[in-house]
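Architecture at a glance
One-letter residues, chain by chain:
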Amino acid sequence: MSPRLKISKYVIERLSKIDTNESAGCLFGLMYDGTLLVIGLSLELYENDKNTYNQLLLNLPAEIELCGAIKFDETLTMGSKLKEILQDVDITDNPLVITLNNKRDIKAHFLVHEKFEETKYDNLESNDMWKQFIHVRLITTLPLSCEATIAGVKSILQSKRKQIASGQVSFHVDGTSIYLFGVASDVGLTGTSTDLTIGELVDSLSPEPSKKKKQLVNNVEIIPVNLVMKTTKDILSEKLVKTAVKMMTTQRKPAFCISMPLKIDTLAIINRNTKLLDLYTVLVEASCRSLRLLESVLLEQIGQEGIGDGAGLRLPETFHYLPPDIGHFITRVVPKGIPDESMENERRLLHQQLALPLNKPLFRRGNAYFDKSSGRIVNPHEAVPVQPIKPDVTVAIVRGRYAYYHYMQDNFNDDGWGCAYRSMQTIFSWFRYQGYTVVEVPTHREIQQCLVKIGDKPSSFLGSKQWIGSTEVMFCLETLFGIQSRIIFANTGSELQSYTPELVHHFKTHGSPIMIGGGVLAHTILGVEYNSVTNETRYLILDPHYTGAEDISIIINKGWCGWKKSDFWNKSAHYNLCLPQTKASV
Amino acid sequence: MVRTVYSPEYCLQYLEQYASKEIFGIGLILGQTTAAKENVIHLARTPEEKSPDSGSESSYVSDKTEIVKNLLSVSEAWVADHAKHVTRMLPGGMFVQGIFVTSDEDIFEDPNQFSKVKEILYYIYKVLNVNQYMYGNCPYTNERLVLHMSTNTKVLTCKSVEVGATNKSTVIKPVEWKFVPKVQQWQRLDCYYEFDEVYPVIVKKSGISVKHQFQQILESSHKTIESSVMFIDGELKDGNEAIEQLIKKKKTKTNSKIAQQDVPKSMHVSLFVPFENTLPETVEYLECDGSIHFSGVVSSSVFICPKATISESIAAVKQDIIRSLASRFTMHCDALIDDNLLPEEKVCFNEPPRRVLVPVGSLYLCDYLFPGEAPAEALLSVRELLDLQITEAEVISDVETPADTSEFDALDRDASSEEMLATPQEASQFMYITGISFAMLVLIVSIIIHYYDTIMEVLRKLLTRS
């Protein structure tokens, strides 16, 4: 029997926008509870002979598998490429084929006994998807030591995979006494009830079902897990070999050895209702995917000339990405220290494969999903209640993530003078999150140093509590990052409204936060809303003057981040806006 | 509260037998100390420095030596050496807890006698401290037991004497020694700890020191094992819980009708090692001349008083694995003629002795057999070091198996590159020769070690006479 079919809203939207000359694409999904959920897609690029989807699969969280194909025409004939893809579908006996006609109408079919059967499907809204599915992130470091040859690396990684797949490992949920482990060919669990579901585990991990969590939409829940290796043998096993310890020393002509801490950092996606016990095999698969990615990065390097002479193999580093339009994680492994600029081709290919636009970076180091906020709140505006969409209202807001910088952070008292600096730091963080730069967000002092250095300010400015404005922000962005900005002058607060189309255009094309300075205050504009009937403009404001703790509910409820009407601006003050521009790149 | 020690009743007969037959005797007290209860498992008389007749040379020597007849003439080194050898036979969690003396003097009252007692204890302490991986000295207490039975009155006195203290005054406390007619129950914990590691090796001009390699393996294994997490019967337990609570739970879980007196079954232990990242975040690249493959198992069976906590049991298992490794390595290296593997040797196989179990009372201690040695060899150590007679059938010699040649060949092929010199045939021949030479060596070395003092004494006497 064919499974029930659900398609993630992300996939539906991507399909409706797809523009390609390729004839076929792949669908990725997971099975849960008798349902096939389509989570992602990729294009089969014509110039590639290899089945790129098999490689791409390694970049996806474990549990997501190839589940079908996309056909970019309405006919239900089987091309050779399509056949090939469908043959590789293991997750279900009835591979899925989605056809798209010129009008971008989506039809889904299951291939049952070589025949296409059209099937209905449900959409899975993005918010439901993040509510129903949880990610498990496994991090561990395997000490690796082998001969510095392709064969050496291959064989050691194969043996590591075997070791992990043989039930010799146990997975430990960080900060708990919960261990999942292999027993003979079965799985055991200690530290909690064997009936526990993943969802219950997540709920028990967070101390209180906080309101904060509910306020944030598209909140990704992650269970941190590590790995421990079983060093004892199963006494009851029939295969028990009891040979006493011995040492064999083999000498041969000088060879090169490499040893390194190989860091496994891998994800799996899993439904809340899944039993925790079932996580074991999922994590084994996740580890193996990670090892394969790590292996390919090592092999690529060893294949290159020069490294054999000790020129220095680079440690593979793992990054997880969650591009906003895709709705699932993509994991990439790159050699440490190789600049993003020199890996543009690979990224371009990935963009093409995933049918992503080529005008903004998504897979640079800076785009990585984890570990950059250092305690700051990321995207507080997402917690602002969403208004229903009206046909006469145009809304354009910031694209991607940024961190909220405000007064008094980092134990630094800038109350009363640092608002423009903080607004600028918020902008800097946006550029970092979008992958445009890997430079650290500058401190107040670094900003002042920069302005002194370019001659904009006298040396007495350094260490002072003097304000800066939009032009200074522009200078700094230019000097420190090479980011160019557009400056808009508004003579009065009421004149600002005439620039609404410019702001809408800015958020739609560049998407960066805007710094606005006027009178004695600086603010960050995160979005703009224009009602063509009432001719009213509202602004999504992030206020850097907040001096309180990193508490999202206060920030939202007290209006430190929220929509403001035009009367928010002082009618008699001049305003300068700094609109940071982005360059098309990947 | 007075420290109380529980001992099996046969120990009393053992003491009485010596006290009535001989005017003087000295030996070791073996046992287990836990916070809840202290048990003695065995008393083992230190073999006389005179040797039994075994070889032609030694029988000649033995006639010349005098039998030690009093405490003051006992060699501290000899008793300490006994303690060192006995420690190898103890599973983790068991220690040499002190000494017993049968004599007609009051060793606690006579200052000369007592200072001799302290000297012996201190010497034992020092010798057992040499190799930390042997866990020779009980880590939980520095108060050693001294048990005395008067040969005249058969009166027993037991006291504890502090060793290794920094201040000069030695703490001496009375100890209550209780003989228990009922056989002490032990919870057995079993595991097979597996090694399978490959290390790169750098050969210097002088070759590779086997001892050094073993030492490195020991150090890194110690670190790994110490950091590991232990499950009992597949479950992570609360460290403060007593073992007997687990036994109860097990019983209620299975069949409560099973007679209470049933010997509790062995619990299976598994160890899990977390990967602690101590390596620098870079790829290390080095020129090496080959590799070391260290593989195989250490079988571990520890016996724990049911009143002991889970934490104490875990510590005992960890000690056992490390102590067993250290014992094998020491025995192996002591038996080597040449510690160095020379640069010309392409493949070299080092097979340390393997563990066998020997029954003592209601539990098992262990012994080690070199490749080619028969289980009967263990009878010798049991008789010599534990003063016990057991039969060959009682030795459990299959907890570990010796490496067979075919396995060596397989390893050999695994490791072989285009450059291998030793063909499998040559290798097995090599293996055979190694086996024989080990056996020979063990024989010679053990004779020398065993009779070292006697030989020296005879030589000295011969020299002074002439």
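Residues numbered from 1 in each chain as written. Chains lettered and ligands numbered in written order. Predicted model: local features only at pLDDT ≥ 70, side-chain atom pairs only at ≥ 80, totals over all residues. Heavy atoms only, no water.

Some thoughts on the UniProt feature "domain: UFSP1/2/DUB catalytic" (unreviewed entry) in chain A
Cross-referencing UniProt, the feature "domain: UFSP1/2/DUB catalytic" (unreviewed entry) maps to residues 395-578 of chain A in the present numbering. Taken as a whole, residues 395-578 of chain A contains 29% helix and 22% strand, while its terminal C-alpha atoms sit 20 Å from one another. (UniProt positions renumbered as here; feature names shortened; annotations may be inferred. Helix = DSSP H or I, 4+ residues; strand = E, 2+ residues; numbered from the N terminus.)

As for the packing of helix α3 (residues 76-89) of chain B against helix α4 (residues 111-129) of chain B
Residue and element names in this part refer to chain B. Following both chains from N to C, one finds α3 and α4 inclined at 45°, their axes separated by 8 Å at the closest point. Looking at the two axes, α3 sits oblique to α4. The element α3 and its partner α4 pack so that their crossing is right-handed. Counted together, E76, A77, V79, A80, A83, K84 and T87 of α3 and K116, E119, I120, Y123, I124, V127 and L128 of α4 form the full contact between these two elements. Considered class by class, the residues forming the contact of α3 with α4 number nine nonpolar, one polar and four charged. (Axes fitted to C-alpha atoms, helices over the stretch in contact; angles between N-to-C directions. Parallel < 35°, antiparallel > 145°, perpendicular 65-115°, else oblique. Left-handed = near helix turned anticlockwise from the far one by under 90°. Contact = heavy atoms within 4.5 Å. Nonpolar A, V, L, I, M, F, W, Y, C, P; charged D, E, K, R; others polar.)

Here we look at the nonpolar core
Residues and elements named next belong to chain A. One finds I468, I525 and L577 to be the most contacted residues of the largest nonpolar core, which totals 63 residues. Here this core takes nine residues from helix α10 (residues 419-433), the largest share from any one element. L577 has contacts with S470, R486, I487, I488, L496, L503, I514, M515, I516 and I525, leaving out every residue within four places of it along the chain. Core analysis: the next-biggest nonpolar cluster, separate from the first, contains 52 residues, L144, I198, L276 and L283 among them. (Core = buried A, V, L, I, M, F, W, Y, C linked by side-chain atoms within 4.5 Å. Buried < 20%, exposed > 50% of the residue type's maximum accessible area, 1.4 Å probe, protein only.)

Side note on the environment of E38(B)
All names here are of chain B. Looking at the secondary structure, you find E38 in strand β3 (residues 38-45). C-alpha of E38 to C-alpha of P402: the two residues are 364 residues apart in sequence and 36 Å apart in space. For E38, the residues in contact, after removing those within four places along its chain, are R3, T4, V5, Y6, Q32, T33 and L145. A polar atom in the side chain of E38 sits 2.4 Å from the side chain of R3. (Polar contact = N/O pair within 3.5 Å; in protein donor to acceptor, adjacent residues only side chain to side chain.)

Section: the interface of chain B and chain A
Contacts between the two partners involve 77 residues from chain B and, on the opposite side, 51 residues from chain A. Each partner contributes to the roughly 5700 Å² buried at the junction of chain B and chain A, and carbon and sulfur atoms together form 62% of this total. The tally of links between chain B and chain A comes to one salt bridge. The salt bridge involving K233(A) is made with E194(B); its shortest N-O contact spans 3.4 Å. Summed over the shared surface of chain B and chain A, the number is 21 residue pairs in polar contact (both at pLDDT 80 or more). For the side of chain B that touches chain A, the secondary-structure elements that each account for two or more residues are β8 (187-200), α5 (210-227), β10 (229-232), β11 (267-274), β12 (284-304), α7 (310-335), β14 (347-350) and α9 (405-415) of chain B. With 15 residues, the single largest contributor to the side of chain B that touches chain A is β12(B). (Buried area = accessible area lost by both parts, 1.4 Å probe. Salt bridge = Lys/Arg side-chain N within 4 Å of Asp/Glu carboxyl O.)

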